[in-house]
Amino acid sequence: MIKTNKDKLPIVSVAGAVWHPKGGAAGRITVDGGVIWLQGTGGITYNAQIGDPCIGWVADHLEPGVSTRHKDDEFNQAYTVLSCIGNEAIVRSGDAKGDKGIVTGKHGGCEHLMIHFPAETLEKLNIDDNIMVKASGQGMELLDYPEIKLRNTSPALLEKMNIQESAGKLKIGVAKIVPADIMGSGLGASSTTRGDYDITMFDDGMIEKYGLADLRFGDIVAVTNADNRYGRAYRAGACTIGVVIHGNSAIAGHGPGVTTLITTRLPLIEPFIDNTSNLANYFLNKEY
């Protein structure tokens, strides 16, 4: 059992609401010079959930499940920073009041928090319904591995991940291993306690080499040579473990988003392929 300080972590309430999609009349310019007007961020997505493919949708930056945020930007900072992947979310108003879900992702730029709810809950939810998250996880430490940092990881998620201790290192099961060379939008951020950064998917050779064509919402992935401790930077020997939180994009520098979970600047993490490494398998008991 990996030792942590989870018993010292507070559990606090933070609140948001189901958020309406936002669009621009001018559309978006694609990497090949086209213009698109597509569903992307916000709203309730009924047919795209964790465990489903994040590639191939007629959409751009599609957010699976329920997109939420707080209308006050300062309060939304607390909502998105303090909430962690795997935290429990509870509907506090409307027809679905009392129903429960789990936090599955943080999307930078729009500053959305994505939440998975069962299909029956989605049918009852409305835009502006209030959502409360029992936030806990930021500040969690691996007591025997001070050079390995946790970001956005709930105790519940950490306990479900395939992590093995070996000779002072952690071997971590992931669905995909991605090189830092193809990471795009989100680079240069000063903090990784919220938001994400994108896997760019414009090179067919890279997609084939790393098996990215069947990437899924909720996949746990490793980004090699990526130091995400205090921002997102390329550093040889570093490694970051994250979770895929939104869908693909046709915009230059963009693609499926990855929210940081575990990171180190030193060669202390050894990722290995485990195709069951997905939030749906951890929390919904869906097998792959």
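Given the structure is predicted, the values throughout are model-derived calculations rather than measurements.

**Some thoughts on the overall build of the protein**
Part 1 of the reasoning: Looking only at helices and strands, one finds 5 helices and 18 strands in the protein.
Part 2 of the reasoning: Computed over its C-alpha atoms, the radius of gyration of the protein comes to 18 Å, within 12% of the 19 Å expected for a compact globule of 288 residues.
Part 3 of the reasoning: Once the C-alpha set of the protein is aligned to its principal axes, its extents read approximately 50 × 50 × 35 Å.
Part 4 of the reasoning: Classification of the 288 residues of the protein by burial places 53% in the buried group.

**Some details on the sheet that holds strand 11 (residues 163-166)**
Part 1 of the reasoning: Taken together, 3 strands build an open sheet; the order of strands is 11-12-18 and the sheet is mixed. The open sheet is flanked by strand 11 and strand 18 (269-273), the only strands paired with a single partner. Sheet twist, expressed as the mean angle between neighbouring strand axes with direction ignored, is 25°.
Part 2 of the reasoning: Bridge analysis of strand 11 against strand 12 (residues 169-174) gives 4 bridges, and the strand direction is antiparallel.

**Considering a nonpolar patch on the surface**
Part 1 of the reasoning: On the surface, Ile29, Val35 and Trp37 cluster together into a nonpolar patch covering about 340 Å² of accessible area.
Part 2 of the reasoning: With respect to the element layout, valine 35 can be found in strand 3 (residues 35-36).
Part 3 of the reasoning: Residue valine 35 is classed as partly exposed on the basis of its relative accessible area of 39%.

**Some words on helix 1 (residues 73-82)**
Side chains of residues three or four places apart in an α-helix project in the same direction, reflecting 3.6 residues per turn.
Part 1 of the reasoning: Residues Asn76, Tyr79 and Thr80 constitute the buried set of helix 1. The arc that holds the buried residues of helix 1, viewed along the axis, is 85°, so those residues lie on one side. In helix 1, the exposed positions that point more than 90 degrees away from the buried face belong to Glu74 and Phe75.
Part 2 of the reasoning: Looking at the buried side of helix 1, the elements it contacts are strand 1 (12-18), strand 5 (65-69), strand 7 (100-107), strand 8 (112-116) and strand 9 (130-135).
Part 3 of the reasoning: Where helix 1 begins, the side chain of aspartate 72 points an oxygen toward the backbone nitrogen of glutamate 74, at a separation of 2.9 Å.

**Some remarks on the nonpolar core**
Part 1 of the reasoning: Residues Ile241 and Ile262 are the most contacted members of the largest nonpolar core, which totals 48 residues.
Part 2 of the reasoning: With residues up to four places along the chain from it excluded, the contact list for isoleucine 241 reads Met161, Ile172, Val174, Ile220, Val221, Ala222, Thr260, Leu261, Ile262 and Ile269.
Part 3 of the reasoning: Core analysis: the second largest hydrophobic core is formed by 20 residues, Ala59, Met183, Phe217 and Val223 among them.

**What to know about the layout of surface pockets**
Where empty space is left in the structure can be found by rolling a water-sized probe over the atoms.
Part 1 of the reasoning: Reported here for the largest pocket is a volume of approximately 460 Å³.
Part 2 of the reasoning: In terms of lining residues, the largest pocket is bounded by 26 residues, among which His107, Gly108, Gly109, Cys110 and Glu111 are the most central.
Part 3 of the reasoning: Split by residue class, the lining of the largest pocket holds 4 nonpolar, 14 polar and 8 charged.

**Details of the pattern of salt bridges**
Part 1 of the reasoning: Under the defined criterion, the tally for this structure stands at 12 salt bridges.
Part 2 of the reasoning: Put simply, lysine 100 and glutamate 88 hold a salt bridge, and the shortest N to O gap is 3.9 Å. With lysine 100 in strand 7 and glutamate 88 in strand 6 (residues 88-91), the pair connects residues that are 12 residues apart, well separated along the chain.
Part 3 of the reasoning: Between aspartate 99 and lysine 124 there is a salt bridge, with its nearest N and O atoms 2.9 Å apart. Highlighted residues: aspartate 99 in the loop between strand 6 and strand 7 and lysine 124 in helix 2 (residues 119-124), separated in sequence by 25 residues.
Part 4 of the reasoning: According to the relative accessible area criterion, lysine 124 is partly exposed, its value standing at 31%.

**Topic: unusual backbone geometry**
Part 1 of the reasoning: Backbone geometry at histidine 61 places phi at a positive 60°, although glycine is not the residue there.
Part 2 of the reasoning: Structurally, histidine 61 is set in the loop between strand 4 (44-45) and strand 5.
Part 3 of the reasoning: Taking relative accessible area as the criterion, histidine 61 reaches 5% and is therefore assigned buried.
Part 4 of the reasoning: Residues other than glycine seldom take positive phi values, yet alanine 167 does so here, at roughly 50°.
Part 5 of the reasoning: Mapped onto the elements of the fold, alanine 167 is located in the loop between strand 11 and strand 12.

The rules we used
- Residues numbered from 1 in each chain as written.
- Predicted model: local features only at pLDDT ≥ 70, side-chain atom pairs only at ≥ 80, totals over all residues.
- Heavy atoms only, no water.
- Helix = DSSP H or I, 4+ residues; strand = E, 2+ residues; numbered from the N terminus.
- Rg over C-alpha atoms; globule rule 2.2 N^0.38 Å.
- Buried < 20%, exposed > 50% of the residue type's maximum accessible area, 1.4 Å probe, protein only.
- Pairing = 2+ DSSP bridges.
- Axes fitted to C-alpha atoms, helices over the stretch in contact; angles between N-to-C directions.
- Patch = residues over 30% accessible without salt bridge, like charges linked within 9 Å, V, L, I, M, F, W, Y side chains within 5 Å.
- Areas by Shrake-Rupley, 256 points an atom, 1.4 Å probe, with all protein chains shown as cover.
- Salt bridge = Lys/Arg side-chain N within 4 Å of Asp/Glu carboxyl O.
- Arc of directions from axis to C-beta.
- Contact = heavy atoms within 4.5 Å.
- Polar contact = N/O pair within 3.5 Å; in protein donor to acceptor, adjacent residues only side chain to side chain.
- Core = buried A, V, L, I, M, F, W, Y, C linked by side-chain atoms within 4.5 Å.
- 1 Å grid on protein atoms, 1.4 Å probe; cavity = no way out; pocket = protein on both sides within 12 Å on 5 of 7 lines; lining within 4 Å.
- Points joined across faces, edges and corners; volume = space filled by probe spheres on them.
- Nonpolar A, V, L, I, M, F, W, Y, C, P; charged D, E, K, R; others polar.

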